[in-house]
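An overview of the molecular structure
Each chain is listed here by its residues.
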Amino acid sequence: MSKLFRAVIMGPPGSGKGTISERIAHSFGLKHLSSGDFVRENISAKTEAGVLAKTFIKKGLLVPDHVMTRLLLPRLEEMTKCSWLLDGFPRTLAQAEALNSACDLDVAINLNIPLETLKERLRHRWIHPPSGRVYNMCFNPPRVQGIDDITGEPLIQQEDDRPEALVARLRHYKDIAKPVIDFYKAKGILYTYSDTETDQIWPNISTLLSTKIPTIQSDARCASTH
Ligand SMILES: Nc1ccn([C@H]2C[C@H](O)[C@@H](COP(=O)(O)OP(=O)(O)OP(=O)(O)O)O2)c(=O)n1
Ligand SMILES: Nc1nc2c(ncn2[C@@H]2O[C@H](COP(=O)(O)OP(=O)(O)O)[C@@H](O)[C@H]2O)c(=O)[nH]1
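Quick summary incoming for the structure in this document. (Residues numbered from 1 in each chain as written. Chains lettered and ligands numbered in written order. Predicted model: local features only at pLDDT ≥ 70, side-chain atom pairs only at ≥ 80, totals over all residues. Heavy atoms only, no water.)

**Overview of the site of ligand 1**
- In the neighbourhood of ligand 1, 17 residues make up the surrounding shell, with Lys17, Val63, Gly88, Arg91 and Arg169 lying closest.
- Here a nitrogen atom of ligand 1 and a side-chain polar atom of Gln95 are 3.2 Å apart.
- Calculation on ligand 1 without its partners gives an accessible area of 580 Å², and the protein chains cover 85% of this total.
- The biggest single contributor to the shell around ligand 1 is helix α2 (residues 35–44), with four residues.
- Classifying every residue of the shell around ligand 1 gives seven nonpolar, five polar and five charged. (Near = heavy atom within 4 Å. Polar contact = N/O pair within 3.5 Å; in protein donor to acceptor, adjacent residues only side chain to side chain. Areas by Shrake-Rupley, 256 points an atom, 1.4 Å probe, with all protein chains shown as cover. Helix = DSSP H or I, 4+ residues; strand = E, 2+ residues; numbered from the N terminus. Nonpolar A, V, L, I, M, F, W, Y, C, P; charged D, E, K, R; others polar.)

Next comes the structure, spelled out in structure tokens:
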């Protein structure tokens with residue numbers, strides 16, 4: 001019997017969630033839902049939740065759980081006919097519990113990448129804020145240095161990708177992610193991948209998903225967001 005497939009991908013900043021999500025969306029036809037993109041869309045559209053979210057992000061804080069769930073859950077409810085992969089949500093146990101009340105997950109992918117690797121990657125990360133496209137000056141550089149491939153607009157480096165800011169971000173990530181990881185472990189759906197290279201991790205994730213996804217019907221395979 002075919003069914004919809006629902007997954008989340010977790011990992012610290014720079015662990016490759018965005019990069020691997022794009023590969024999953026492309027290879028398996030799942031819809032890639034980036035909570036960061038939802039937040040940015042709501043900020044641009046000046047929705048009530050977006051205006052509120054901006055006040056926290058400006059201070060370098062995470063958006064409170066009730067604002068994030070108000071932003072995210074209605075979007076998921078619109079996707080009842082889609083198989084999807086959620087990236088960047090849940091970040092806290094309260095968000096994981098809210099998601100659990102809204103839908104059943106099949107898989108939680110957890111990326112466990114060494115700190116030195118994260119620092120090195122984020123030092124080279126450049127982004128195109130309007131689209132959310134992410135480059136790495138070594139791993140996947142743009143065609144012209146400092147310029148987005150599609151629009152020709154300039155790329156920027158995020159303040160909080162600097163190595164000094166990263167250590168604090170990572171410590172904070174570990175504290176809030178641990179209960180979420182334990183929550184998915186207890187449910188028996190946690191798959192953890194540890195390596196320094198996305199290209200080493202990717203074949204293992206691809207194999208896992210090939211065993212989990214084959215029954216998805218073509219009408220449940222939704223196009224990627226990017
Ligand atoms: N569950 C979530 C998801 C997002 N955000 C907020 C904080 C982030 O600063 C912003 C953008 O989300 P991203 O996931 O794109 O942001 P990061 O830059 O933190 O992600 P990463 O470095 O992991 O790619 O939205 C949040 O508070 N809670
Ligand atoms: N050198 C290197 N860079 C990578 C690898 N995988 C991803 N990246 C880059 O590392 C940065 C962080 O990856 P991203 O997917 O944005 O991670 P996220 O923060 O977890 O979403 C980006 O600049 C990616 O292009 C890898 O295996 N090696």
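**Regarding unusual backbone geometry**
- Here the amide bond leading from Phe89 into Pro90 is cis, since omega sits at 5°, within 30 degrees of zero.
- By secondary structure assignment, the location of Pro90 is in the loop between β3 (84–87) and α5 (93–102).

**Some remarks on the nonpolar core**
- One finds Leu72, Leu76, Trp84, Leu86, Leu99 and Tyr184 to be the most contacted residues of the largest nonpolar core, which totals 32 residues.
- Elements represented by at least two residues in this core include exactly β1 (6–10), α2, α3 (48–57), α4 (65–77), β3, α5 and α7 (163–187).
- Sequence-distant contacts of Leu76, that is, excluding residues within four places in its chain, are made with Leu33, Trp84, Leu86 and Leu99. (Core = buried A, V, L, I, M, F, W, Y, C linked by side-chain atoms within 4.5 Å. Buried < 20%, exposed > 50% of the residue type's maximum accessible area, 1.4 Å probe, protein only. Contact = heavy atoms within 4.5 Å.)

**Here's the deal with the site of ligand 2**
- Neighbouring residues of ligand 2: 17 residues in total, closest Gly14, Lys17, Thr19, Arg125 and Thr198.
- One of the side-chain nitrogen or oxygen atoms of Asn140 is found 2.9 Å away from an oxygen atom of ligand 2.
- Here Glu197 contributes a side-chain N or O atom positioned 3.1 Å from an oxygen atom of ligand 2.
- For ligand 2, whose accessible area on its own is 580 Å², the fraction buried by protein is 91%.
- When residues of the shell around ligand 2 are traced back to their parent elements, those giving at least two are α1 (17–28) and β6 (133–136).
- When its residues are assigned to classes, the shell around ligand 2 shows five nonpolar, eight polar and four charged.

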